[in-house]
Amino acid sequence: MELILALGIGALVASGTWLVMRPRSFQVIIGLCLLSYGVNLFIFSMGRLRIGAAAIMPKGGVVDPSLYADPIPQALVLTAIVISFATTALFLVVLLASRGFMGTDHVDGKDPKR
Amino acid sequence: MTPQHLVIAPILIPLLAGAAMLLYEERQRRVKFAISLGACVAMLAVAVELLIRAKAPSGGSLIGLYLLGDWPTPFGINLVLDRLTALMLVLSSVLSIAVLVYAWGGWQGRGQHFHSLFMFQMMGVNGAFLTGDLFNLFVFFEIMLAASYGLLLHGSGPERVRAGMHYIVINLVASLFFLIGVSMIYGVTGTLNMADLARMMPDLIARDRAMVQAAMAILGLVFLVKAGIWPLGMWLPATYQAASAPAAAMFAILTKVGVYVILRVAFLNFAPGSGASAGFGAELLVVGGLATIAFGSLGILGSQTMPRMAGYAVLISSGTMIGTAGLALLGGGSGMLAGALYYMLGSTLGIAALFLLVELVDRGQSAVAAMLALSADLFGAPEDEPEEDQTGLIVPATMTILGLSFAALAVLLAGLPPLPGFVGKVVMLTAMLKGGVSGQAVAWIFMAALIISGLATLIALLRVGVQTFWAAADQDDPKVLAVEIAPILALLALVAVLTWQARPVMRYMEATAAALHRPEVYISGVLTAERTQHRREVAE
């Protein structure tokens, strides 16, 4: 499971990095999305991978924490997802504004001379 | 609000004010302005009160602590108030009042929701200063950045949208790095509380220490992007140049947020004499600071326009701060850091005033250019476009006042007597000669860079000043309202007061720098202050 997750994060971040460096703003935004998926999975993995373990402990009494998944990274991922979702939406608006002003979807606002 | 809860006020005031203003229509600017100004003044009052409290701590603890939800310290989110935090809070709220009054002159009406965005940015900035938790720092960073995206685009236009797109992408990628660093630290140490982390730092086993240091390096990258260090600060001059004057002036504090976090995190974890990790990354900070100063000096000499120069002045200022932080981490002593903090006050206010001033001067020049273009088209006298919302007292002898203010700012930023740029640099240089790094090659290089950057700033600003104020005979006096020039003059007066009252201010800075060198006070303050408070509540 560790290997699959690591490969998945690697593939997401690698493709995201490549796309962020492309000249078209649409490619950049897809790249940012992929990067943020990779990072979210990475945060998740920092709580150690567990199968079939709940993250919420029952109320009262003494519990054995080793039977439960670490809830903090899951909470962090949730926050990170919300924030990256919001900022991506904002970037989408700027992208459209840029397309409207410049008439091109190049990130520098003008197409390089061919 | 009881005195104890005052610590959270710098976050709550802008949040409530910003949210309340969303209820008003865009046309009701008078109400919005009144609300924002009230909020900013309240923030300043709170910040001054917190400063006094941080200066003379009560109850034996040297720091103020506020527990959100009253969870015990390592688990809950906390806000921490110490001297450095209080200082930054005062700086940001002073700046916000000046910028807000300036925006009343017209900028507030050239886009949507200026005041709300402004307030949310203040909330993010204040939150980043106050928080004692790494993940919460990320959240406040995002609030600050999201508002700054909006402020950068304020006024719209192709130039701003293009600069905004680059700015947003760079900061989004930086935020992802922030998340990676934070989660790595959590994965290794199991805590995100800065004080708790700093407590563990000296006792980490070698393998874990390497991981935490790597995570810290990734975090450092993010803060250095924010501070605009070379080579991560290439975006900065273009972005700040494109932003509208009030937005750019507020952005002057954003780079200082990066500097603040570097100071906070580096001195908590890697202060001289803190075990095996002491001085981690210090060389990099020094080299980066030097490179930034060099890049900023060359840039300011090579710039043709005033806004661009102001952008490079930001780089010089943050390069100086980062480099000094690195030298202090190497064991340069707290005197140097005190000088740098003093310098930071003057240079931040000065750069903000410069951004405000530049727009006023450019206004006259663009009026001439627009007139030429118009007369070429129509062969007639151009109509005077009545600017909307520009009501109020128009200042006489505009160019004289602007020219004098510009000269004062050049003196301030170049570090000539009698303004604080000079005092700060003198203190830094004396401490470098006397302190722990005296005689080392790096100290000499840094001193040279400090002086040469001042010279470069002076040459560049004087050149453009002569062109603008003396040589341009055919220039119209720009129409400048009293509310637009008043904030600049007020900032200058404040800077003059800093020189006049240099002794108490410097004493505060020295205590701040000394406190930064004693992270154990911060750590034990955070980790033990909670218990007494908890005990008291249990007793009640």
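The residue numbers shown here count from 1 along each chain, following its written sequence. Ligands are numbered from 1 and chains lettered from A, in the order in which they are written. A pLDDT threshold of at least 70 governs which residues receive local features in this predicted model, and a stricter bar of 80 or more applies before side-chain atom pairs are shown or counted, although totals over entire chains, interfaces and linings include all residues. Side-chain figures throughout are based on the complete set of non-hydrogen atoms in the structure, without hydrogens or water.

Description of the overall build of chain A
Phase 1 of the analysis: Counting from the N terminus, the helices are DSSP H or I runs at least four residues long and the strands are E runs at least two residues long. Each helix and strand in chain A was counted, giving 3 helices and 0 strands.
Phase 2 of the analysis: Taken from N to C terminus, the helices and strands of chain A fall in the order α-α-α.
Phase 3 of the analysis: By the compact-globule yardstick of 13 Å for 114 residues, chain A is too spread out, its C-alpha radius of gyration being 20 Å.
Phase 4 of the analysis: In terms of principal-axis extent, the alpha carbons of chain A reach across some 70 × 30 × 15 Å.
Phase 5 of the analysis: Only protein chains enter the calculation, and the probe is 1.4 Å; a residue is then buried if its accessible area is under 20% of its type maximum, exposed if over 50%, and partly exposed in between. Looking at the 114 residues of chain A, the share that counts as buried comes to 35%.
Phase 6 of the analysis: Summarising the internal contacts of chain A: among those between residues at least 6 apart in sequence, 53% fall at separations of at least 24.
Phase 7 of the analysis: Computed with the Shrake-Rupley method and a 1.4 Å probe, the accessible areas treat only the protein chains shown as cover for residues. A total of about 7100 Å² of accessible surface is found on chain A, and carbon and sulfur atoms cover 71% of it.
Phase 8 of the analysis: Neither His nor the chain ends is counted toward charge; the positive residues are Lys and Arg and the negative residues Asp and Glu. Just so you know, the charge point we use is NZ for Lys, CZ for Arg, CG for Asp and CD for Glu. Looking at charge distribution, chain A has the averaged site of its 9 positive side-chain charges lying 9 Å from that of its 6 negative ones. To get the radius of gyration, use the C-alpha atoms; to get the globule rule, take the number of residues to the power 0.38 and multiply by 2.2 Å. The contact criterion used is simple: two residues touch if any of their non-hydrogen atoms lie within 4.5 Å.

Structural notes on the overall build of chain B
Phase 1 of the analysis: The secondary structure content of chain B amounts to 19 helices and 2 strands.
Phase 2 of the analysis: Per-residue burial over chain B gives 59% buried out of 540 residues.
Phase 3 of the analysis: Sequence separation of at least 24 residues holds for 81% of the intrachain contacts in chain B that already meet a minimum separation of 6.
Phase 4 of the analysis: Approximately 19900 Å² of chain B is accessible, and the part contributed by carbon and sulfur atoms is 67%.

Some words on unusual backbone geometry
Phase 1 of the analysis: A cis amide bond links W230 of chain B to the next residue, P231 of chain B, at an omega of 0 degrees.
Phase 2 of the analysis: The omega torsion across P417 of chain B and P418 of chain B is 10 degrees, close enough to zero to call that bond cis.
Phase 3 of the analysis: Secondary-structure assignment places P418 of chain B in the loop between α14 (398-414) and α15 (420-434).
Phase 4 of the analysis: One non-glycine residue, R48 of chain A, adopts positive backbone phi at about 70 degrees.
Phase 5 of the analysis: Tracing the sequence through the fold places R48 of chain A in the loop between α2 (25-45) and α3 (71-102).
Phase 6 of the analysis: Within the chain, H113 of chain B stands out as a residue other than glycine whose phi angle is a positive 55 degrees.
Phase 7 of the analysis: Relative to the helices and strands, H113 of chain B resides in the loop between α3 (83-103) and α4 (114-130).

Focus on the interface of chain B and chain A
Phase 1 of the analysis: Taken together, the contact between chain B and chain A spans 25 residues of the former and 32 residues of the latter.
Phase 2 of the analysis: The term buried area means the drop in 1.4 Å probe accessible area that two parts suffer when joined, counted for both and summed. A buried area of about 2500 Å², summed over both sides, lies between chain B and chain A, and 84% of it is on carbon and sulfur atoms.
Phase 3 of the analysis: In terms of surface lost to chain A, no three residues of chain B exceed M165, L176 and Y186 of chain B, which account for 24% of the buried area on that side.
Phase 4 of the analysis: Any Lys or Arg side-chain nitrogen located within 4 Å of an Asp or Glu carboxyl oxygen qualifies as a salt bridge. Inspection of the region where chain B meets chain A yields 0 salt bridges.
Phase 5 of the analysis: Nitrogen and oxygen atoms within 3.5 Å of one another constitute a polar contact, given that in protein one can donate a hydrogen and the other can accept it, and given that sequence-neighbouring residues count only through two side-chain atoms. At the surface where chain B touches chain A, the tally comes to 5 residue pairs in polar contact (both at pLDDT 80 or more).

Section: the nonpolar core
Phase 1 of the analysis: If you look at the biggest cluster of nonpolar residues, it comprises 216 residues, and the most contacted ones within it are F91 of chain A together with F223 and M509 of chain B.
Phase 2 of the analysis: Counting only domains with at least three residues in this core, you end up with domain 1 (1-273) and domain 2 (281-376 + 395-500) of chain B.
Phase 3 of the analysis: Ignoring any residue separated from it by four or fewer positions in sequence, one finds F91 of chain A in contact with V28, I29 and L32 of chain A together with M165, I168, V169 and L172 of chain B. By nonpolar core we mean a set of buried residues, namely Ala, Val, Leu, Ile, Met, Phe, Trp, Tyr and Cys, connected to one another through side-chain atoms within 4.5 Å. The start and end points of each domain follow an automatic or database-based domain assignment.

Describing the domain arrangement of chain B
By a widespread convention, an interface's size corresponds to the accessible area lost as its parts come together.
Residue and element names in this part refer to chain B.
Phase 1 of the analysis: Structurally, chain B comprises domain 1 (1-273) and domain 2 (281-376 + 395-500).
Phase 2 of the analysis: Between domain 1 and domain 2, the C-alpha centre-to-centre distance is 23 Å.
Phase 3 of the analysis: If you look at the interface, domain 1 gives 40 residues, while domain 2 gives 40 residues.
Phase 4 of the analysis: Roughly 3400 Å² is buried in total at the junction of domain 1 and domain 2, and carbon and sulfur atoms are behind 82% of that figure.
Phase 5 of the analysis: At the junction of domain 1 with domain 2, the criterion picks out 0 salt bridges.
Phase 6 of the analysis: Our enumeration of links across domain 1 and domain 2 arrives at 7 residue pairs in polar contact (both at pLDDT 80 or more).
Phase 7 of the analysis: Among the elements of the structure, α3, α8 (206-227), α9 (235-242) and α10 (245-270) are those that each provide at least two residues to the side of domain 1 that touches domain 2.

A closer look at the packing of aromatic side chains
All names here are of chain B.
Phase 1 of the analysis: Pairing of aromatic side chains here covers Phe, Tyr and the six-membered ring of Trp, requires ring centres within 6.5 Å, and sorts the geometry by plane angle: under 30 degrees stacked, over 60 edge-to-face, intermediate tilted. All chains considered together, the criterion is met by 16 aromatic pairs over all chains.
Phase 2 of the analysis: On the numbers, 5.5 Å between centres and 75 degrees between planes, the contact of F141 with F178 is edge-to-face. Of this pair, F141 sits in helix α5 (residues 134-152) while F178 is found in helix α6 (residues 158-189), placing the two residues 37 residues apart along the sequence. This pair shows no difference in class: F141 is buried, exactly as F178 is.
Phase 3 of the analysis: Feature note: the residues Y149, Y167, W235, Y240, F251 and F355 constitute an aromatic cluster, connected by ring pairs.

Quick notes on the packing of helix α2 (residues 29-55) of chain B against α3 of chain B
All names here are of chain B.
Phase 1 of the analysis: Fitted lines through C-alpha atoms serve as axes, helices being fitted only where they are in contact, and the angles separating the N-to-C directions of these axes extend from 0 to 180 degrees. Packing of α2 against α3 leaves a shortest axis separation of 8 Å and a crossing angle of 160 degrees. Judged by the angle between their axes, α2 and α3 are roughly antiparallel. Note on packing geometry: the crossing formed by α2 with α3 is left-handed.
Phase 2 of the analysis: Amino acids outside the nonpolar list (Ala, Val, Leu, Ile, Met, Phe, Trp, Tyr, Cys, Pro) and the charged list (Asp, Glu, Lys, Arg) are all regarded as polar, and Gly is one of them. Considering only residue class, the contact of α2 with α3 consists of 19 nonpolar, 3 polar and 2 charged. For classification purposes, angles smaller than 35 degrees are called roughly parallel, those larger than 145 roughly antiparallel, those between 65 and 115 roughly perpendicular, and all remaining angles oblique. Crossings are classed by handedness, with left-handed meaning an anticlockwise turn of the near helix from the far one by less than a right angle and right-handed meaning a clockwise turn.

Topic: the confidence of the model for chain B
All names here are of chain B.
Phase 1 of the analysis: Of all residues in chain B, 89% have pLDDT values of 70 or greater, and the mean over the chain is 84.
Phase 2 of the analysis: Low pLDDT, under 50, characterises residues 370-389; the stretch is placed with 8 contacts to residues that sit more than four places away or in other chains.
Phase 3 of the analysis: When the criterion is pLDDT under 50, residues 534-540 qualifies, and its contacts beyond four places in sequence or with other chains add up to 1 contact.
Phase 4 of the analysis: This prediction of the complex comes with two scores: 0.90 for pTM and 0.93 for ipTM. Confidence scores per residue from the predictor, reported as pLDDT, run from 0 to 100.

Considerations on the side chain of T292 of chain B
Phase 1 of the analysis: Position of T292 of chain B relative to the elements: it lies in helix α11 (residues 282-302).
Phase 2 of the analysis: Dropping the residues within four chain positions of it, T292 of chain B is found in contact with G228, I229, W230, L315 and G319 of chain B.

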